[in-house]
Amino acid sequence: MFTGLIEQIGQLKSIRQTPRGRELTIGAVLSSELCVGQSIAVNGICLSVTDQSEDVFTVLAVPETISKTTLGELSADTPVNLERALFADTRLDGHIVQGHVDTTCSITQVSQQGGERVYELVIPPEYAGLVIPRGSIALDGISLTIAHLRDLCISVAIIPHTFKHTNVSMWRVGMRCNVEFDVLAKYVARQMAVRL
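Overview of the structure. Since the structure is predicted, the reported quantities are computational estimates derived from the model, not experimental observations.

Digging into the sheet that holds strand β8 (residues 116–122)
An order of β7-β8-β11-β10-β9-β12 is seen for the 6 strands of this closed barrel, with the pairing classed as antiparallel. Neighbour to neighbour, the strand axes of the sheet diverge by 45° on average, direction disregarded. Alignment of strand β9 (residues 136–139) against strand β12 (residues 176–181), held across 3 bridges, turns out to be antiparallel. Looking at the pairing, Ala 138 lines up with Glu 180 of β12.

In structure tokens form, the structure reads like this:
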């Protein structure tokens with residue numbers, strides 16, 4: 001379980017294809033605090049630490065994860081958003097993020113509005129019922145608020161702090177993001193579907 005508040009930007013050091021999937025080695029200061037078996041969100045994807053040293057750690061992405069996220073598009077030296085699993089007694093400053101990516105969406109427009117950068121994305125029609133204006137959404141693991149909603153087009157406003165302390169500075173039109181919709185919305189949608 002995560003909050004969508006990025007702790008650190010890691011650097012993807014290497015990618016190795018194995019029979020079990022893609023092994024990603026990531027450089028990060030927080031590596032020294034990790035243990036093998038712990039969960040860590042990498043660009044919003046919950047992965048398990050398989051190896052760890054003072055300044056790098058390794059995670060394995062299985063084919064299923066690669067097919068449903070942007071992990072297959074990453075290359076060495078790419079910055080990645082990192083968040084360790086939360087403690088049960090900590091403040092939930094973002095929103096409940098599971099690290100279970102629902103889909104990927106492309107950025108369709110980027111604009112500057114005052115001190116914020118606004119990013120627009122178009123979500124697939126099957127997820128339309130999971131978004132509301134001023135609702136929560138996680139993009140590449142970042143807890144964000146949906147600023148505007150028009151049909152299937154959503155926009156999020158990025159404040160300077162988020163721009164500086166996440167990989168948002170790399171986002172461009174046409175780039176795909178990992179998207180996780182609000183888990184509360186998913187449960188409500190499922191309950192409604194079962195009842196109908």
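Looking at the environment of Ala 189
Tracing the backbone through its elements, the reader meets Ala 189 in helix α3 (residues 183–195). Ala 189 sits in the partly exposed class, given a relative accessible area of 34%. Between the alpha carbons of Ala 189 and Ala 147 there is a distance of 21 Å; along the sequence they are 42 residues apart.

Some details on the pairing of β9
In the sheet, β9 pairs with strand β10 (residues 142–150) via 4 bridges, with the strands oriented antiparallel. Bridge pairing in β10 places Ala 138 opposite Ser 143. Here β9 hands over to β10 after 2 residues, with Asp 140 in that stretch at a positive phi of 50°.

Observations concerning the state of the cysteines
Within this structure, the stated rule accounts for 0 disulfides. Cysteine Cys 46 remains unbridged, with the sulfur of Cys 35 as its closest cysteine sulfur at 15 Å. In this model Cys 177 remains outside any disulfide bridge; the closest cysteine sulfur is found in Cys 105, 8.2 Å from its own. Taking the relative accessible area as the measure of exposure, Cys 177 reaches 0% and is therefore buried.

Observations concerning the packing of aromatic side chains
In total, this model carries 2 aromatic pairs according to the counting rule given. Summarising the aromatic geometry, the rings of Tyr 119 and Trp 171 are spaced 5.4 Å apart at their centres and angled 90° between planes, so their arrangement reads as edge-to-face. One end of the pair, Tyr 119, is in strand β8; the other, Trp 171, is in the loop between α2 (160–165) and β12, with 52 residues separating them in the sequence. Residue Trp 171 is classed as buried on the basis of its relative accessible area, which comes to 2%. Here the aromatic rings of Tyr 127 and Phe 181 are separated by 4.9 Å at their centres, their planes lie at 20°, and the arrangement is stacked. Of this pair, Tyr 127 sits in the loop between β8 and β9 while Phe 181 sits in strand β12, and the two are 54 residues apart along the sequence. What makes Phe 181 buried here is its relative accessible area of 1%. Sitting above the plane of the Phe 163 ring, Arg 117 keeps its charged end 3.7 Å from the centroid.

Basis of the calculations
Residues numbered from 1 in each chain as written. Predicted model: local features only at pLDDT ≥ 70, side-chain atom pairs only at ≥ 80, totals over all residues. Heavy atoms only, no water. Pairing = 2+ DSSP bridges. Helix = DSSP H or I, 4+ residues; strand = E, 2+ residues; numbered from the N terminus. Axes fitted to C-alpha atoms, helices over the stretch in contact; angles between N-to-C directions. Buried < 20%, exposed > 50% of the residue type's maximum accessible area, 1.4 Å probe, protein only. Disulfide = S-S within 2.5 Å. Phe/Tyr/Trp six-rings, centres within 6.5 Å; stacked < 30°, edge-to-face > 60°. Lys NZ or Arg CZ within 6 Å of the ring centre and 35° of its normal.

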